[in-house]
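# Tertiary structure, described
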Amino acid sequence: MKEKLNIPIELQSDVNVAALGEATYGAGKNDRTVLYFTIGTGVGGGVVIHKQFLNTPQHPEMGHITIIRDPSDIKASDCPFHTDCFEGLASGPAIEKRFGPNAKNLPADHPAWEIIANYIGQGVYQMMLAYAPDRIIIGGGVMNQIHLLSHIKQNVIKKLNNYTYYPALSNLENTITAPALGDNAGLIGGLIFAGHIKKGL
């Protein structure tokens, strides 16, 4: 494509550009460090610091961190590589495989959602401690279950157990949010990224 079009071309992950979009014009626009999760067909995470991606040779695989299972959850993981990883237990396909053929139709009071909120809370908690972000944004198709976000926050608060070693942890109700840009976060972030490439940033 570079040869045919004679323009600079770079590749970036969908979750990273969504993080960039939210860090620039969305829920994290006033924050220094933004951690973005997408919980959908897979689980991924991206970090943006001062409106720039992490300078790493590979994209972090946050979806494959280890999760402690709920004792009642004995069904197989959806991940072909790991029995107890974030993606294998909490992604959309994992929920459908283990709790019903169409997770979108599970009622809000179905026991599966408490289990999933626990798993997402564990993933957020671990990466939050690793990167100490000012803002944690959770998007993706699974998060269209609007009741889920408050349960995730409660799980993270429980795991912190009053351990607030940096300011954002003392107000998690506002620190952990849904994307302000909604489903457009990735598109907007991609356009911002293209602008960075053009400017040579």
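Residues numbered from 1 in each chain as written. Predicted model: local features only at pLDDT ≥ 70, side-chain atom pairs only at ≥ 80, totals over all residues. Heavy atoms only, no water.

## Brief notes about the overall build of the protein chain
Along the backbone of the protein chain there are eight helices and five strands. Sequence-ordered secondary structure for the protein chain, helices as α and strands as β, is α-α-β-β-β-α-α-α-β-α-α-β-α. What you see for the protein chain is a C-alpha radius of gyration of 17 Å, in line with the 17 Å of a compact globule of 201 residues. With respect to the principal axes defined by its C-alpha atoms, the protein chain has extents near 55 × 40 × 30 Å. Residues classed as buried in the protein chain amount to 47% of the 201 residues present. Within the protein chain, counting contacts between residues at least 6 apart in sequence, those at least 24 apart form 63% of the total. For the protein chain, the accessible area works out to roughly 10800 Å², and carbon and sulfur atoms hold 54% of it. Of the side-chain charges in the protein chain, 16 are positive and 17 negative, and the distance between the mean point of each set is 5 Å. (Helix = DSSP H or I, 4+ residues; strand = E, 2+ residues; numbered from the N terminus. Rg over C-alpha atoms; globule rule 2.2 N^0.38 Å. Buried < 20%, exposed > 50% of the residue type's maximum accessible area, 1.4 Å probe, protein only. Contact = heavy atoms within 4.5 Å. Areas by Shrake-Rupley, 256 points an atom, 1.4 Å probe, with all protein chains shown as cover. Lys, Arg positive; Asp, Glu negative; His and termini not counted. Charge placed at Lys NZ, Arg CZ, Asp CG, Glu CD.)

## Quick word on helix 6 (residues 148-160)
Note that an α-helix has 3.6 residues per turn; residues three or four places apart therefore point the same way. Look at helix 6: 19 Å from first C-alpha to last across 13 residues, which is about the 18 Å you get at 1.5 Å a residue. Taken together, the buried positions of helix 6 are Leu148, Leu149, Ile152, Lys153, Asn155, Val156 and Leu160. For helix 6, the angular spread of buried residues about the axis comes to 160 degrees, placing them on one side. Packing partners of the buried residues in helix 6 comprise helix 5 (111-131), strand 4 (135-139), helix 7 (172-175) and strand 5 (176-177). Downstream of helix 6 by a residue or two, asparagine 161 has a phi angle that is positive, lying close to 55 degrees. (Expected span 1.5 Å × (residues − 1). Arc of directions from axis to C-beta.)

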